[in-house]
Amino acid sequence: MTKTTNENKRPTHAIYMVQGEKEKSRWTRIGSAWPNKSGKGMNLVFDAIPLSGRMQLQEIAEKNGSDTDAQDGAQ
């Protein structure tokens, strides 16, 4: 049985744990997200849950035909 929902599509966003500030910040990818079927929310899948630092959701940008993660340091 094949699902035809957004759950089969590639993630549109990456979830990061960010520790530190500005140039000294360290980004660790901890999950992925994509719009849910209604388009009014996001499905979040975590590989880890941070106990400190902050989390940031970044759109995954395509570059040269492959996905790369956007890490612009926005807060």
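So, about the overall build of the protein chain. On a plain count of helices and strands, the protein chain comes out with zero helices and five strands. The secondary structure elements of the protein chain, listed N-terminal to C-terminal, are β-β-β-β-β. When each of the 75 residues of the protein chain is scored for burial, the buried share is 21%. For the protein chain, restricting intrachain contacts to residue pairs at least 6 apart in sequence, the fraction spanning at least 24 positions comes to 45%. For the protein chain, the accessible surface area stands at approximately 5,800 Å², while carbon and sulfur atoms represent 50% of it.

Quick look at the environment of Pro50 now. With respect to the element layout, Pro50 can be found in the loop between strand 3 (42–46) and strand 4 (54–63). Residue classification places Pro50 among the buried residues on the basis of a relative accessible area of 18%. Along the backbone, Pro50 and Ile30 are 20 residues apart, and their C-alpha atoms lie at a distance of 8.3 Å. If we ignore the near neighbours within four places in the chain, the residues touching Pro50 are Met17, Ile30 and Met55.

Here we take up the side chain of His13. Within the fold, His13 resides in strand 1 (residues 13–19). A polar side-chain atom of His13 sits 2.8 Å from a polar atom in the side chain of Thr12. Other than its neighbours up to four places away in sequence, His13 contacts Arg29, Ser32, Ala33, Met42, Leu57, Gln58, Glu59 and Ile60.

Before going further, it helps to spend a moment on the confidence of the model for the protein chain. Looking at the protein chain as a whole, the pLDDT averages 81, with 72% of positions reaching at least 70. This model gives residues 66–70 a pLDDT under 50, and the stretch forms 15 contacts once residues within four places in sequence are excluded.

The next point concerns the pairing of strand 3. Summarising the sheet, strand 2 (residues 26–35) and strand 3 pair through five bridges and their orientation is antiparallel. In the sheet register, Ala33 faces strand 3, and the bridge partner there is Leu44. Hairpin remark: strand 2 followed by strand 3, antiparallel, with six residues in the connecting loop; positive phi at Gly39, about 80°.

With that settled, the discussion passes to unusual backbone geometry. For residues besides glycine, phi is generally negative; the peptide bonds are generally trans as well. Positive phi outside glycine occurs at Lys22, with the angle close to 45°. Counting through the fold element by element, Lys22 comes out in the loop between strand 1 and strand 2.

Per the counting criterion, the structure on display carries one aromatic pair. Measuring from centroid to centroid gives 5.4 Å for Tyr16 and Trp27, while their planes differ by 70°, and the two rings are edge-to-face. With Tyr16 in strand 1 and Trp27 in strand 2, this residue pair connects regions lying 11 residues apart in the sequence.

Rules used in this analysis
- Residues numbered from 1 in each chain as written.
- Predicted model: local features only at pLDDT ≥ 70, side-chain atom pairs only at ≥ 80, totals over all residues.
- Heavy atoms only, no water.
- Helix = DSSP H or I, 4+ residues; strand = E, 2+ residues; numbered from the N terminus.
- Buried < 20%, exposed > 50% of the residue type's maximum accessible area, 1.4 Å probe, protein only.
- Contact = heavy atoms within 4.5 Å.
- Areas by Shrake-Rupley, 256 points an atom, 1.4 Å probe, with all protein chains shown as cover.
- Polar contact = N/O pair within 3.5 Å; in protein donor to acceptor, adjacent residues only side chain to side chain.
- pLDDT = per-residue confidence, 0-100.
- Pairing = 2+ DSSP bridges.
- Phe/Tyr/Trp six-rings, centres within 6.5 Å; stacked < 30°, edge-to-face > 60°.

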